[in-house]
Amino acid sequence: MSETPDSLIPYDEIVQEALRAVVERVLGQVVDAGGVLPGDHHFYITFKTTAPGVDIPAHLKERFPDEMTIVLQNKFWDLTVEPDHFSVGLSFNQIPTKLVIPFAAITAFVDPAVDFGLQFQAALPDEDYSDFADQEDDSPVMTSDDGSNVVTVDFGRKK
């Protein structure tokens, strides 16, 4: 059996960008609705705190040196969505704080109200973005072990 050649088309990056566009569109719809989440929807958004473009206060970076999850539910304000990032106001220990989070920094987006979630690969500073595709498996895999709507897409290629 012959080995599958490395793809010259960056499918993994294209899929990651497309899935992040889902997050951008959902947050944009919340902005368009006046910053109000419909029904029981609420979001858990996990992101790499050290990713390029993340702007959070130093005390939060200290407390969450690698990854942080925020909840958009009842008490958030000034949600804005740009093509490459979003910003939102949240309170931490009753201190109002503005966070700026690039979509590329997001590692997970979950809406527990409808059992929907997406998991992403996020690049860290000084990391080669192509390393994410260097896995032993040579086929794309979509997984959902628990029957939920959480989608993980892994594209591997043989070395």
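Residues numbered from 1 in each chain as written. Predicted model: local features only at pLDDT ≥ 70, side-chain atom pairs only at ≥ 80, totals over all residues. Heavy atoms only, no water.

**Q** Before we go on, may I ask you to explain the overall build of the protein in this structure?
**A** Each helix and strand counted, the protein has two helices and nine strands in total. Going from N to C terminus, the protein has its helices and strands arranged as α-β-α-β-β-β-β-β-β-β-β. Going through the 159 residues of the protein one by one, you find that 34% of them count as buried. Of all intrachain contacts in the protein linking residues separated by at least 6 positions in sequence, the fraction that spans at least 24 positions is 49%. Surface accessibility of the protein: about 9,600 Å² in total, with carbon and sulfur atoms responsible for 52%. (Helix = DSSP H or I, 4+ residues; strand = E, 2+ residues; numbered from the N terminus. Buried < 20%, exposed > 50% of the residue type's maximum accessible area, 1.4 Å probe, protein only. Contact = heavy atoms within 4.5 Å. Areas by Shrake-Rupley, 256 points an atom, 1.4 Å probe, with all protein chains shown as cover.)

**Q** Even after reading the chapter, I still don't get the nonpolar core, so can you show me in this structure?
**A** If you look at soluble globular proteins, the nonpolar side chains tend to sit buried side by side. Grouped together as the largest cluster of nonpolar side chains are 29 residues, with contacts concentrated most on L27, I45, I70, L72, F86, V88 and L99. Elements with a contribution of two residues or more to this core: α1 (11–32), β1 (43–48), β2 (67–72), β4 (85–92), β5 (95–102) and β6 (106–111). With near-sequence residues (within four places) excluded, V88 lies in contact with I70, L72, F76, W77, D78, L79, T97, K98 and L99. (Core = buried A, V, L, I, M, F, W, Y, C linked by side-chain atoms within 4.5 Å.)

**Q** What is the right way to read α1 from this model?
**A** Two residues of an α-helix separated by three or four positions point the same way, owing to the 3.6 residues in each turn. Across its 22 residues, α1 extends 31 Å between first and last C-alpha, which sits within 8% of the 32 Å expected from 1.5 Å per residue. Taken together, the buried positions of α1 are D12, Q16, L19, R20, V23, L27, G28 and V30. Just downstream of α1, G34 is the residue with a positive phi angle, here 85°. (Expected span 1.5 Å × (residues − 1).)

**Q** Honestly, the pairing of β2 in this entry has me stumped. Any pointers?
**A** Along any regular strand the residues' side chains alternate between the sheet's two faces. Burial along β2 is one-sided: the face carrying M68, I70 and L72 is buried and the face carrying E67, T69 and V71 is not. Both β1 and β2 contribute to a ladder of six bridges, which runs antiparallel. Counterpart to F47 in the pairing with β2 is M68. (Pairing = 2+ DSSP bridges.)

**Q** For this particular structure, what's the right way to read the sheet that holds β5?
**A** Sheet strands line up and pair through hydrogen bonds in the backbone, either parallel or antiparallel. Strand order in the open sheet formed by three strands is β3-β4-β5, and the pairing between neighbours is antiparallel. Strand pairing shows two members of the sheet lacking a second neighbour, β3 (77–81) and β5, which therefore form its edges. Neighbour-to-neighbour, the strand axes of the sheet open up by a mean angle of 20°, direction not taken into account. Of the strand pairs in this sheet, β4 and β5 are connected by eight bridges, and their pairing is antiparallel. Each residue of the ladder has a partner; that of G89, found in β5, is K98. In this fold α1 packs onto β3 and β4, with an angle of close to 135° to the strand it touches most, β3. (Axes fitted to C-alpha atoms, helices over the stretch in contact; angles between N-to-C directions.)

**Q** Help me understand the packing of aromatic side chains, please; the structure alone is not making it clear to me.
**A** Describing an aromatic ring pair means giving the distance of the ring centres and the angle of the ring planes. Applying the stated criterion to the full structure yields two aromatic pairs. An angle of 35° between the planes, with centres 5.0 Å apart, marks the rings of F43 and F109 as tilted. A residue pair is termed long-range when its members are at least 10 positions apart, and F43 in strand β1 and F109 in strand β6 qualify at 66 residues. F43 gets classed as buried once you look at its relative accessible area, which sits at 3%. For the ring pair F86 and F103, a centre distance of 5.9 Å and an interplane angle of 40° mean the geometry is tilted. Separated by 17 residues along the polypeptide, F86 in strand β4 and F103 in the loop between β5 and β6 bring together distant segments of the chain. In this structure F103 comes out as buried when scored by relative accessible area, which is 4%. (Phe/Tyr/Trp six-rings, centres within 6.5 Å; stacked < 30°, edge-to-face > 60°.)

Limitation: the analysis is restricted to geometry and does not speak to function.
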